[in-house]
Amino acid sequence: MKVQKIRIPKREEKHFFLFTSPWLLGFLIFTLYPMVFSIILVFTNMDMAGSGRFIGLANLVRAFKEDTLFYRSLVNTLYFVLVSVPLSLFASFGIALLLNQKLKGVGFFRTSFYIPYITSGVAVTLLWGWIFNSQFGLVNYFLSLFGINGPSWLSDTRWAMPAIIIMGIWTIGNSIIITLAGLQDIPEALYESAEIDGANSFVKITRITLPLVTPTLYFNLVMGIIGGFQIFMQPYILTEGGPSYATYTYMMHIYNSGFKYYEMGYASTLAWLLFIVIMIITQIVNRTSRHWVYYDN
């Protein structure tokens, strides 16, 4: 059986390339070219002025054998991802369950939980810096009402990263909305059948809701991992990586290498190493997803 090719008129072809040309030019100039050029920079010691020479794999050797901040920033970033991503998944799922109820005024609460996500990141970060202030912050004031002396959050090596994790969970509005969309996609007939069989709320959540919402949770998990490894703005604004490099993240190390010390070749090396780490972890998650992600079709 021959497959008949669909011929597109030349006029439509011209219109296609005409209307897609802004995106194509933007992709070529601002995405593809920087990616290719950054690969070239990996093998050089080029600085911000564009001067440098070919040095082979010296940047890789420096990262793994000489740069102690490379491992410190990677460990801090892994700590952030391993703690914040599961907490964000649990919180977004629980809040989405509450927002999925058919109650009066629920639209107001849905909007309220989404607003922090679209609010300016710098403004939100400065606000949380005031909330976590050890002297007159709201958190320590609330703890003092119960006779608890709050820690020096952002100036304590033990509490600086947990404070940033707490602040990050406050901006999970996007994950909540995506999870809510997944919940609303579950057929009501399944719940009605379960009620006829005498299932309670716990059974319905564990046997119906949770399995059918796993594709949405899987999407949020992957996006959370990718976003978590790129955490930069919050620790940079609040602590600049301190105290004692307790919140010094991998993206901050890339930024300092490239724009503070003007080592663009080494910064490009760090960036591509981060890409490899994210790719490996997401592939592991993708391979294991077949054991816990349920697709109803």
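Treat the numbers as computed from the prediction; the structure is a model and nothing was measured. (Residues numbered from 1 in each chain as written. Predicted model: local features only at pLDDT ≥ 70, side-chain atom pairs only at ≥ 80, totals over all residues. Heavy atoms only, no water.)

A. Quick peek at the overall build of the chain. When its secondary structure is counted, the chain shows 14 helices and 0 strands. Along the chain direction, N to C, the helices and strands of the chain fall in the order α-α-α-α-α-α-α-α-α-α-α-α-α-α. Its C-alpha atoms give the chain a radius of gyration of 24 Å, more than 25% over the compact-globule value 19 Å for 297 residues. Once the C-alpha set of the chain is aligned to its principal axes, its extents read approximately 80 × 75 × 35 Å. Residues counted as buried form 35% of the 297 residues belonging to the chain. If you take every contact in the chain between residues at least 6 apart in sequence, the share linking residues at least 24 apart comes to 66%. Entry remark: accessible area of the chain is about 19,100 Å², with carbon and sulfur atoms responsible for 66%. Positive and negative charge centroids in the chain, built from 19 and 14 side chains respectively, lie 8 Å apart. (Helix = DSSP H or I, 4+ residues; strand = E, 2+ residues; numbered from the N terminus. Rg over C-alpha atoms; globule rule 2.2 N^0.38 Å. Buried < 20%, exposed > 50% of the residue type's maximum accessible area, 1.4 Å probe, protein only. Contact = heavy atoms within 4.5 Å. Areas by Shrake-Rupley, 256 points an atom, 1.4 Å probe, with all protein chains shown as cover. Lys, Arg positive; Asp, Glu negative; His and termini not counted. Charge placed at Lys NZ, Arg CZ, Asp CG, Glu CD.)

B. Here's a closer look at unusual backbone geometry. The omega torsion of the bond from glycine 242 to proline 243 falls at -10°, within 30 degrees of zero and hence cis. With respect to the helices, strands and loops of the structure, proline 243 is situated in the loop between α12 (233-238) and α13 (250-260). Unusually for a residue other than glycine, glutamate 240 sits at a positive phi of about 55°. If you trace the backbone, glutamate 240 turns up in the loop between α12 and α13. A positive phi angle, near 60°, is found at tyrosine 262, a position not held by glycine.

C. Looking closely at the side chain of threonine 179. With respect to the secondary-structure elements, threonine 179 resides in helix α8 (residues 173-184). A relative accessible area of 0% places threonine 179 in the buried class. A polar contact of 3.0 Å, which involves the side chain of threonine 179, links it to the side chain of asparagine 220. (Polar contact = N/O pair within 3.5 Å; in protein donor to acceptor, adjacent residues only side chain to side chain.)

D. Representation of the nonpolar core in the model. Core analysis: the biggest nonpolar cluster contains 34 residues, and Phe70, Phe80, Tyr250 and Leu270 have the highest contact counts within it. Among the secondary structure elements, those contributing two or more residues to this core are α3 (68-99), α5 (121-131), α7 (160-169), α11 (214-229), α13 and α14 (264-288). If you tally residues by element for this core, the top one is α14, at 7 residues. Residues within four places of phenylalanine 80 in sequence aside, it is in contact with Val85, Met161, Ile164, Ile165, Gly228 and Ile231. If you look at the next biggest cluster of nonpolar residues, it comprises 17 residues, including Phe93, Ile95, Leu99 and Val106. (Core = buried A, V, L, I, M, F, W, Y, C linked by side-chain atoms within 4.5 Å.)

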